[in-house]
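# Geometric and topological summary
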Amino acid sequence: MDSKHSDDDYIINDTEYEEDEADIAFDKQEKSKKKGSVIRRIILIICIIVFCVSAGMLIKILLEYKKGSDIYKDVQSEVLDDNTPVTVEMPEGEVEIPFKYNHEALLAINPEAQGYIYVPSVNLRLPIVQGTDNEKYLETTIDGSINKNGCPFIDYRIKGGITASHVIIYSGTMFSSLHKYRNSGFYSTEGNDKFYIYTQDKIKEYQIFSVYLTDPVSDTFTFNFPDIASMRQYAMQRKEMTMYETKGDVSEATQIVTLSTCADNLTKRLIIHGSYIGESVIP
């Protein structure tokens, strides 16, 4: 006997089939949601880990720089007397240096010390050294501590040190405030075109005549000129490279001091050239 099915049976079966499909689709959707939720949680965890690691590294760097800053504050308290300003006579008139420098005290801390640089515009006061290579003081402070701050240093290949016809002083972090000179308005402010170097018995005054960016390796870093004429030609060429108009005639320059610091994520160097304009014996 043949089986017979009514239309109602087919309707019931179709309904059951549609319900099965809906269940499958729902299950897939729920699985997809769960999978997406897991992925989002994993991404969140990764982001938290990266944030924590980055924050930890940043804190470590900041603590490192603070430690270096504290070292130089201690050194200043030993070699600079802030209670004894020094008034000296320079070619353009009297200049007051707001502290007295003790060179012997600095030599006691580091026998490679050459003097102290003072840039009034940014209140930069730092010792200068000259070592036996250009690596040591990148991450070694004036007192010999290993620290990212390092210490401003003269290129070890320069003959005559602080008295050479062209003195190049390098520093990274410790010269960071000099980036203000990338603004012509800052340079143009009264008195901001000068800096000073304290030596054992003299204060030397320099006028900034050129500010620009250069590559880490360039003819900017030329020194040990064979004669004064070569140095003057170099100075006039550097003046033409300045990023804005500056003061001073360097055609008769007798000494150039170059300050060099890292710029643009280490891809460039900020260069500030100063020409010697006079000195005074420390009273």
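Procedures and definitions
Residues numbered from 1 in each chain as written. Predicted model: local features only at pLDDT ≥ 70, side-chain atom pairs only at ≥ 80, totals over all residues. Heavy atoms only, no water. Buried < 20%, exposed > 50% of the residue type's maximum accessible area, 1.4 Å probe, protein only. Helix = DSSP H or I, 4+ residues; strand = E, 2+ residues; numbered from the N terminus. Pairing = 2+ DSSP bridges. Patch = residues over 30% accessible without salt bridge, like charges linked within 9 Å, V, L, I, M, F, W, Y side chains within 5 Å. Areas by Shrake-Rupley, 256 points an atom, 1.4 Å probe, with all protein chains shown as cover. Salt bridge = Lys/Arg side-chain N within 4 Å of Asp/Glu carboxyl O. Expected span 1.5 Å × (residues − 1). Arc of directions from axis to C-beta. Contact = heavy atoms within 4.5 Å. Polar contact = N/O pair within 3.5 Å; in protein donor to acceptor, adjacent residues only side chain to side chain. Phe/Tyr/Trp six-rings, centres within 6.5 Å; stacked < 30°, edge-to-face > 60°. Lys, Arg positive; Asp, Glu negative; His and termini not counted.

## Here's the deal with the pairing of strand β10 (residues 202-214)
Remember that side chains alternate between the two faces of the sheet whenever the strand is regular. Taken across its 13 residues, β10 has 11 buried, putting it largely inside the fold. Taken together, the five bridges between strand β9 (residues 194-198) and β10 define a ladder with antiparallel strand orientation. When the sheet's bridge partners are listed, Tyr198 is paired in β10 with Ile203. What sits between the antiparallel neighbours β9 and β10 is a turn of three residues.

## Points about a nonpolar patch on the surface
Among the surface-exposed residues, Val38, Ile42, Ile46 and Val50 lie close enough to one another that they form a single nonpolar patch of about 340 Å² accessible area. Tracing the backbone through its elements, the reader meets Val50 in helix α1 (residues 7-79).

## Considerations on helix α4 (residues 228-240)
The terminal C-alpha atoms of α4 lie 19 Å apart, and with 13 residues this matches the ideal 18 Å at 1.5 Å per residue to within 8%. Along α4, the positions that sit buried rather than exposed are Met231, Tyr234, Ala235 and Arg238. Here the buried residues of α4 occupy an arc of 100 degrees about the axis, which is enough to place them on one side. On its buried side, α4 packs onto β8 (166-170), β10, β11 (256-263) and β12 (268-281). Measuring from the side-chain oxygen of the N-cap residue of α4 to the backbone nitrogen of Ala229 gives 3.3 Å; that N-cap residue is Asp227.

## Notes on the packing of aromatic side chains
Throughout the structure, instances matching the rule amount to 12 aromatic pairs. Aromatic pair Tyr206 and Tyr276: ring centres 6.0 Å apart, planes at 65 degrees, arrangement edge-to-face. With a gap of 70 residues between them, Tyr206 in strand β10 and Tyr276 in strand β12 connect regions that are remote in the sequence. When the ring of Phe225 is compared with that of Tyr234, the centres are 5.2 Å apart and the planes differ by 50 degrees; the resulting orientation is tilted. Taken individually, Phe225 and Tyr234 each receive the classification buried, so the pair is uniform in this respect. The structure contains a cluster of three or more aromatic residues connected by ring pairs, namely Phe99, Tyr101, Tyr116, Tyr118, Tyr196 and Tyr198.

## A look at the side chain of Lys204
Residue position: Lys204 is located in strand β10. Glu279 provides the closest opposite charge to the buried, unpaired Lys204, separated from it by 4.4 Å. When residues no more than four places from it in sequence are discounted, the contact partners of Lys204 are Ile162, Phe195, Tyr196, Ile197, Gln255, Tyr276, Gly278 and Glu279.

## Regarding the side chain of Asp155
As for its placement among the helices and strands, Asp155 is situated in the loop between β7 (153-154) and β8. The exposure class of Asp155 is buried, given its relative accessible area of 0%. Separated by 2.8 Å, the side chains of Asp155 and Tyr170 make a polar contact.

## A word on the environment of Thr267
Tracing the chain through its elements places Thr267 in the loop between β11 and β12. Exposure remark for Thr267: the relative accessible area of 48% places this residue in the partly exposed category.

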